[in-house]
Amino acid sequence: MLISRDTLKLVCAELKQSGKKVVFTNGCFDILHIGHVTYLEKAARLGDVLVIGLNSDESVSKLKGPSRPVNKESDRAGVLSALKFVDYVTVFGEETPFELVSAIIPDVIVKGGDYTPETIVGADIVTHNGGEVAVIPLVEGKSTTNIINRINE
């Protein structure tokens, strides 16, 4: 479900108060592929509720270049929301999800294997509040960039 940051903050507080474990991850998720799906499914297993911070179109362009995103944020959010193990999606426009993580203070923060716990933005907030940091291995050879390169060949 696509949800605003303000509403998500309230929902996460209520979920945690009721004993639910909130898991957070973020990314562009431009062309959804098996690497994304595998990663998100594993992330969801780390708690009761999976929240995704989705980079806005503008932030994807800044991170990935002017030809990205391929899919608009509303489409990316709709596809992610349709996955049975994704509970909430919210769009953020900042360069990093620091403000979003600070607002919801998840119980678990997760990123892919191209990160280390020390390089995950917001990990310090999560651990300072008693939470966990998890790194999930990437699915070898599966990436949006690889898909785009194959299409362009």
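Residues numbered from 1 in each chain as written. Predicted model: local features only at pLDDT ≥ 70, side-chain atom pairs only at ≥ 80, totals over all residues. Heavy atoms only, no water.

A. Representation of the pairing of strand β5 (residues 132-136). Inspection of the sheet shows strand β4 (residues 108-112) paired to β5 by 5 bridges, in the parallel sense. The partner of V108 across the bridge, within β5, is E132. (Pairing = 2+ DSSP bridges. Helix = DSSP H or I, 4+ residues; strand = E, 2+ residues; numbered from the N terminus.)

B. Quick peek at the sheet that holds strand β1 (residues 22-27). If you walk across this open sheet you meet the 5 strands as β3-β2-β1-β4-β5, and the pairing is parallel. Edge positions in the sheet fall to β3 (88-92) and β5, since each has one partner strand and no second. Averaged over all adjacent pairs, the angle separating strand axes in this sheet is 25 degrees, with direction ignored. Across 2 bridges, β1 lies against β4 in parallel orientation. Paired with F24 across the two strands is I109, which belongs to β4. Contacting β2 (49-55) and β3, helix α4 (residues 73-82) runs over the sheet at an angle of about 165 degrees to β2. (Axes fitted to C-alpha atoms, helices over the stretch in contact; angles between N-to-C directions. Contact = heavy atoms within 4.5 Å.)

C. Broad picture of the layout of surface pockets. One number sums up the size of the largest pocket: a volume of about 800 Å³. Residue assignment for the lining of the largest pocket shows that the elements contributing at least two residues are β1, α2 (34-44), α3 (57-64), β4 and α7 (144-152). Element by element, the count of residues in the lining of the largest pocket is highest for α2, at 3 residues. Here the lining of the largest pocket is composed, by residue class, of 11 nonpolar, 13 polar and 8 charged. (1 Å grid on protein atoms, 1.4 Å probe; cavity = no way out; pocket = protein on both sides within 12 Å on 5 of 7 lines; lining within 4 Å. Points joined across faces, edges and corners; volume = space filled by probe spheres on them. Nonpolar A, V, L, I, M, F, W, Y, C, P; charged D, E, K, R; others polar.)

D. Structural detail: the pattern of salt bridges. Inspection of the entire model under this criterion finds 6 salt bridges. In this structure, R5 and E94 form a salt bridge, with 2.9 Å as the shortest nitrogen-oxygen distance. Of this pair, R5 sits in helix α1 (residues 5-17) while E94 sits in the loop between β3 and α5 (98-104), and the two are 89 residues apart along the sequence. You can call E94 partly exposed: its relative accessible area is 24%. Where R68 meets D30, a salt bridge forms, and the shortest distance between an N and an O atom there is 2.7 Å. Separated by 38 residues along the polypeptide, R68 in the loop between α3 and α4 and D30 in the loop between β1 and α2 bring together distant segments of the chain. (Salt bridge = Lys/Arg side-chain N within 4 Å of Asp/Glu carboxyl O. Buried < 20%, exposed > 50% of the residue type's maximum accessible area, 1.4 Å probe, protein only.)

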